[in-house]
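Each chain is listed here by its residues.
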Amino acid sequence: MNIVLLGIQGSGKGTVKENISNKLNFEYISTGLLLREEIASNSKLGLQVKDIINRGELVDTRIIMELIFKRIRNNQKPNVVFDGFPRNLAQAKELEKLCELDLIIFLNLKKEDAINRILNRLNCPKCGLTTSVETAKNYICPACGAKLVKRSDDTVEAINKRFEQYFSETYPLIDYYKKQNLLVEVDASLPPNEVAEQVMRAINEHNN
Ligand code: AMP
């Protein structure tokens with residue numbers, strides 16, 4: 001079963017993954033996370049994309065597809081949750097060539113709420129966990145113990161750029177997937193456990 005988590009930056013896609021991963025056996029592919037890993041390891045690709053990401057711009061689709069391809073190339077029957085991908089119609093078309101999609105979960109959150117969440121969020125550079133200043137007051141990752149940091153692209157300028165690009169390029173995908181009867185909408189303003197429950201319900205209903 002292949003699922004896409006779709007939603008504005010800050011809508012809690014990473015948190016959903018944390019809360020459903022013990023209930024579902026899947027490969028989690030977050031393109032943002034893969035790119036941050038490249039940057040952290042100082043790879044050639046990481047150096048190439050670092051400034052683009054810090055400006056809040058989109059990385060070239062060819063690079064994104066290479067990263068995804070590496071992850072599911074040898075997997076005959078992929079069982080994947082995609083996060084942060086596809087970001088636009090061109091990427092949606094590329095994904096269709098790669099695997100069949102079963103469900104698109106749209107985490108619906110108002111822009112104002114998303115801004116607040118992003119400004120409060122903390123990220124683990126070691127294991128990729130996303131949490132918030134309220135939850136991890138000591139700035140220590142509850143999953144692996146590393147020191148939490150703010151993402152370097154969580155600046156006001158980059159956030160605005162990402163929102164602009166979300167509404168112009170990503171948001172139209174909602175209609176695109178609605179027309180294919182693949183979309184289920186979840187209220188992402190609810191507490192994380194309730195969001196995860198709704199997501200699990202959507203997955204179970206699809207499977208029945
Ligand atoms: P995210 O972790 O999804 O918020 O992504 C962080 C940043 O990585 C984005 O602002 C983009 O610069 C880049 N990025 C992540 N996913 C994609 C994608 N599918 N296509 C292009 N750029 C991406």
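Summarised in this report is the structure supplied together with it. Here the structure is a predicted model, which is why all the values come from computation and not from measurement. (Residues numbered from 1 in each chain as written. Predicted model: local features only at pLDDT ≥ 70, side-chain atom pairs only at ≥ 80, totals over all residues. Heavy atoms only, no water.)

## Quick look at the overall build of the chain
A count of helices and strands for the chain gives 9 helices and 7 strands. Relative to the compact-globule value of 17 Å for 208 residues, the chain shows a C-alpha radius of gyration of 16 Å, a close match. Counting only C-alpha atoms and orienting by the principal axes, one finds that the chain spans roughly 45 × 35 × 30 Å. Evaluated residue by residue, the chain yields a buried proportion of 46% over its 208 residues. Considering only contacts in the chain between residues 6 or more positions apart, those separated by 24 or more positions represent 71%. Taken as a whole, the chain presents about 11,100 Å² of accessible surface, with 49% of it coming from carbon and sulfur. (Helix = DSSP H or I, 4+ residues; strand = E, 2+ residues; numbered from the N terminus. Rg over C-alpha atoms; globule rule 2.2 N^0.38 Å. Buried < 20%, exposed > 50% of the residue type's maximum accessible area, 1.4 Å probe, protein only. Contact = heavy atoms within 4.5 Å. Areas by Shrake-Rupley, 256 points an atom, 1.4 Å probe, with all protein chains shown as cover.)

## Things to note about the sheet that holds strand S1 (residues 3–7)
As summarised here, the arrangement of the 5 strands in space is S2-S3-S1-S4-S7, forming an open sheet in which the pairing is parallel. Each end of this open sheet is capped by a strand with a single partner; those strands are strand S2 (27–30) and strand S7 (183–187). On average, adjacent strands in this sheet sit at an angle of 20° to one another, irrespective of strand direction. Note that S1 and strand S3 (residues 80–83) share 3 bridges and pair parallel. The residue bridging Ile-3 from the neighbouring strand is Val-81, located in S3. Packed on one face of the sheet, helix H1 (residues 13–20) meets S1, S2, S3 and strand S4 (103–108) and runs near 140° to S1. (Pairing = 2+ DSSP bridges. Axes fitted to C-alpha atoms, helices over the stretch in contact; angles between N-to-C directions.)

## Observations concerning the packing of H1 against helix H9 (residues 192–207)
The geometry of H1 relative to H9 is characterised by a closest axis approach of 9 Å and an angle of 70° between their N-to-C directions. Comparing their axes, H9 and H1 come out roughly perpendicular. Of the residues in H9, those touching H1 at Thr-15, Val-16, Asn-19 and Ile-20 are Pro-192, Asn-193, Val-195, Ala-196, Val-199, Met-200 and Ile-203. (Parallel < 35°, antiparallel > 145°, perpendicular 65-115°, else oblique.)

## A closer look at the packing of aromatic side chains
This structure, assessed with the given rule, holds 5 aromatic pairs. On the numbers, 5.1 Å between centres and 80° between planes, the contact of Tyr-166 with Phe-167 is edge-to-face. Residue Tyr-166 is classed as buried on the basis of its relative accessible area of 3%. (Phe/Tyr/Trp six-rings, centres within 6.5 Å; stacked < 30°, edge-to-face > 60°.)

## Observations regarding the site of the ligand
Taken together, 16 residues form the shell around the ligand, and within it Thr-31, Arg-36, Glu-57, Gly-84 and Gln-91 come nearest. Between the ligand and Arg-36, the relevant distance is 2.9 Å, taken from an oxygen atom to a side-chain nitrogen or oxygen of the residue. Within the side chain of Gln-91, a nitrogen or oxygen atom sits 2.9 Å from a nitrogen atom of the ligand. Coverage of the ligand by the protein amounts to 96% of the 480 Å² it exposes when considered alone. Per-element accounting of the shell around the ligand gives the leading share, 4 residues, to helix H2 (residues 31–40). (Near = heavy atom within 4 Å. Polar contact = N/O pair within 3.5 Å; in protein donor to acceptor, adjacent residues only side chain to side chain.)

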